[in-house]
Amino acid sequence: MDKLIIQGGVPLSGEIRVSGAKNAALPLMCAALLTDGQLTLSNMPHLRDVSTMLRLLAQMGVEASLDDRLGLSLRAQQLSNPLAPYDLVKTMRASILVLGPLLARCGEARVSLPGGCAIGTRPVDLHIKGLEALGAEISVEQGYISARARRLKGARILMDPVTVTGTENLMMAACLAEGTTLLENAAREPEVADLARCLSAMGARIKGAGSEVITIEGVAQLRGATHRIMADRIETGTFLVAAAATGGRVTVHGTQAGILDAVLDKLREAGAELHTGNGSISLAMRGRPKGVNVRTAPYPAFPTDMQAQLMALDAVAEGKASITETIFENRFMHALEMQRLGADIEISGNTAVVRGVDRLQGATVMATDLRASASLVIAGLVAEGETTVDRIYHLDRGYECIEEKLAQLGARIKRVR
């Protein structure tokens, strides 16, 4: 099993380019199920989760081809097997996103209940209730969701609480439903808007994506299209936080500052100097960062996917900070591993109190989920001596060549088996 060995204490410096967003790429790949035309996606990240989704789509009958310019072409001309089996779905919760498109296109679907990271329950009841509102007949038996519908019919659906994958699933299904669908309390994440742009290029009629109310007027069929996947805002934020924690100076290219406002505000509060423009964000850190309080919430508030990384910064910052997690109940498991590096973290319920220490000390730590892995890498970059981050297969699910990009910024990091 691969590990990362990090010799810490080096401020990051230099320039890198971020990859396409994993959280946009996966639903966009599922959108190919809605048409018999070819969907071509550029700026595709090369990630473990993307490979898993490709295998899942292939066993349904989707033809795929990759080019040498990070482009992926998908064609679901004949869907021979509208099934998402457990052995593929168990490793990736985003697999649930095939449910809506399969049901809308084929009139039936059988999808295993999803798995993924060990960061708490991720109920799919909102997906099921929404599809039932559109006219589907659904049962859950032996760990599988079985759904049938001759043709879905538009409906008004209120999602409580807000759900990103639920919004995406129902939006895709509604594209081929008869009549108009209203999604209220919809997720506002940029990845939802990116999916809507692609669906619109395929012939869907969607208004309001990126707001709390999305209106979809169903059409009889969709066509093929070409779409460029948006930049990964979480990868962008991860590298910026790493630079701030190490006292470095970096420029991140190929990204968008407007989708990272909450993270950039916290970095400024921590003492970072930021300059944005022309698809780039530059950060310069002078001196020790200041501790910043964080409360995660749905977009446009501070993202849960950046909580662990900011905890690594707070661990070496000046003063005391509190981090409150409102999205997932088990998302503080990385705190115990940071304590092995000397971090002063106290957890009470869904809040972690972090008292910054002058320095962390290298040790062996184990990642428990994707973003926890990234936070431990950041802590290792700051720590004195050698840090070993074990179980980094989590990292490969969401970060493309992270050790190579960090090495470009001067980090002393290598992958070993």
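Each value, and the rule that gives it
- Residues numbered from 1 in each chain as written.
- Predicted model: local features only at pLDDT ≥ 70, side-chain atom pairs only at ≥ 80, totals over all residues.
- Heavy atoms only, no water.
- Helix = DSSP H or I, 4+ residues; strand = E, 2+ residues; numbered from the N terminus.
- Rg over C-alpha atoms; globule rule 2.2 N^0.38 Å.
- Areas by Shrake-Rupley, 256 points an atom, 1.4 Å probe, with all protein chains shown as cover.
- Axes fitted to C-alpha atoms, helices over the stretch in contact; angles between N-to-C directions.
- Parallel < 35°, antiparallel > 145°, perpendicular 65-115°, else oblique.
- Contact = heavy atoms within 4.5 Å.
- Nonpolar A, V, L, I, M, F, W, Y, C, P; charged D, E, K, R; others polar.
- Expected span 1.5 Å × (residues − 1).
- Buried < 20%, exposed > 50% of the residue type's maximum accessible area, 1.4 Å probe, protein only.
- Polar contact = N/O pair within 3.5 Å; in protein donor to acceptor, adjacent residues only side chain to side chain.
- Pairing = 2+ DSSP bridges.
- Core = buried A, V, L, I, M, F, W, Y, C linked by side-chain atoms within 4.5 Å.
- Salt bridge = Lys/Arg side-chain N within 4 Å of Asp/Glu carboxyl O.

(A) The overall build of the chain, seen in detail. When its secondary structure is counted, the chain shows 14 helices and 24 strands. Since a compact globule built from 417 residues should have a radius of gyration of about 22 Å, the 21 Å found for the chain is in line with a globular shape. Across its three principal axes, the chain shows a C-alpha extent of roughly 65 × 45 × 40 Å. As displayed, the chain offers around 16400 Å² of accessible surface, 45% of which is attributable to carbon and sulfur atoms.

(B) Local environment of the packing of helix α1 (residues 22-31) against helix α2 (residues 48-60). α2 packs onto α1 with a crossing angle of 5° between their chain directions and a minimal axis gap of 10 Å. Classified by the angle their axes make, α1 and α2 are roughly parallel. Every residue of α2 that contacts α1 at Lys-22, Leu-26, Met-29 and Cys-30 is listed here: Asp-49, Val-50, Met-53, Leu-54 and Leu-57. Looking at the contact of α1 with α2, its residues break down into seven nonpolar, no polar and two charged.

(C) How the structure looks around helix α12 (residues 370-382). The terminal C-alpha atoms of α12, which comprises 13 residues, lie 19 Å apart, in line with the 18 Å expected from a rise of 1.5 Å per residue. Most of α12 is tucked away: 13 of the 13 residues are buried. One side-chain oxygen at the N-terminal end of α12 lies 3.1 Å from the backbone nitrogen of Arg-371; it belongs to Asp-369.

(D) Quick look at the pairing of strand β1 (residues 3-7). Sheet analysis places β1 next to strand β24 (residues 412-416), joined by five bridges and oriented antiparallel. When the sheet's bridge partners are listed, Leu-4 is paired in β24 with Arg-415. Where β1 and strand β23 (residues 386-390) come together, five bridges link them in antiparallel fashion. Paired with Gln-7 across the strands is Glu-386, a residue of β23.

(E) Summary view of the sheet that holds strand β19 (residues 320-324). Read across the open sheet, the four strands follow the order β18-β19-β21-β20; overall the sheet is mixed. Edge positions in the sheet fall to β18 (294-295) and β20 (344-348), since each has one partner strand and no second. Pairing of β19 with strand β21 (residues 351-355), which is carried by five bridges, proceeds in the antiparallel orientation. The partner of Ile-323 across the bridge, within β21, is Ala-352.

(F) Looking closely at the nonpolar core. Counting residues in each nonpolar core, the largest one holds 81 residues, and the members touching the most others are Met-29, Val-98, Met-171 and Leu-199. The dominant element in this core, judged by the number of residues it contributes, is α1, at seven residues. Excluding anything up to four places from it in sequence, Met-171 contacts Leu-183, Val-192, Leu-195, Ala-196, Leu-199, Ile-206, Ile-214 and Ile-216. Formed by 70 residues, the second largest nonpolar core is a distinct cluster that contains Met-285, Leu-310, Met-338 and Ile-413.

(G) Highlighting the sheet that holds strand β11 (residues 180-184). Here four strands make up an open sheet; going across it, the order is β10-β11-β13-β12 and the pairing mixed. Each having just a single partner strand, β10 (156-158) and β12 (205-207) make up the two edges of the open sheet. Strand-to-strand twist of the sheet, defined as the mean angle between neighbouring strand axes without regard to direction, takes the value 15°. Here β12 pairs with strand β13 (residues 213-217) via three bridges, running antiparallel. Paired with Ile-206 across the bridge in β13 is Ile-216. Against the sheet, helix α6 (residues 164-175) engages β10, β11, β12 and β13, with an angle of about 25° to β13.

(H) Representation of α1 in the model. Within α1, nine of the 10 residues are buried, which leaves the element mostly enclosed by the surrounding structure. For α1, every residue scored as buried is listed here: Lys-22, Ala-24, Ala-25, Leu-26, Pro-27, Leu-28, Met-29, Cys-30 and Ala-31.

(I) Layout of the side chain of Asp-49. Counting through the fold element by element, Asp-49 comes out in helix α2. The class of Asp-49 is buried, set by a relative accessible area of 2%.

(J) Examining the pattern of salt bridges more closely. Under the definition given, this model contains 24 salt bridges. Among the salt bridges present, the one from Asp-49 reaches Arg-397, with a minimum N-O distance of 2.8 Å. Here Arg-397 lies in helix α13 (residues 393-398) and Asp-49 lies in helix α2, a separation of 348 residues in the sequence. Grouping residues by exposure puts Asp-49 and Arg-397 together as buried. When the shortest N-O distance is used, the salt bridge between Lys-153 and Glu-178 registers 3.0 Å. Highlighted residues: Lys-153 in the loop between β9 (144-148) and β10 and Glu-178 in the loop between α6 and β11, separated in sequence by 25 residues. On the accessibility criterion, Lys-153 (47% relative accessible area) is partly exposed. Beyond isolated ion pairs, a larger network of salt bridges with shared partners links Asp-2, Arg-48, Asp-396, Glu-403, Arg-415 and Arg-417.

(K) Structural context of unusual backbone geometry. With an omega dihedral of 5°, the bond running from Asp-160 to Pro-161 counts as a cis peptide bond. If you trace the backbone, Pro-161 turns up in the loop between β10 and α6. Cis geometry is adopted by the peptide bond preceding Pro-300, which originates at Tyr-299 and carries an omega value of 15°. Even without being glycine, Asn-278 reaches a positive phi, approximately 55°. Mapped onto the secondary structure, Asn-278 falls in the loop between β16 (272-277) and β17 (280-285). Asn-278 gets classed as exposed once you look at its relative accessible area, which sits at 84%.

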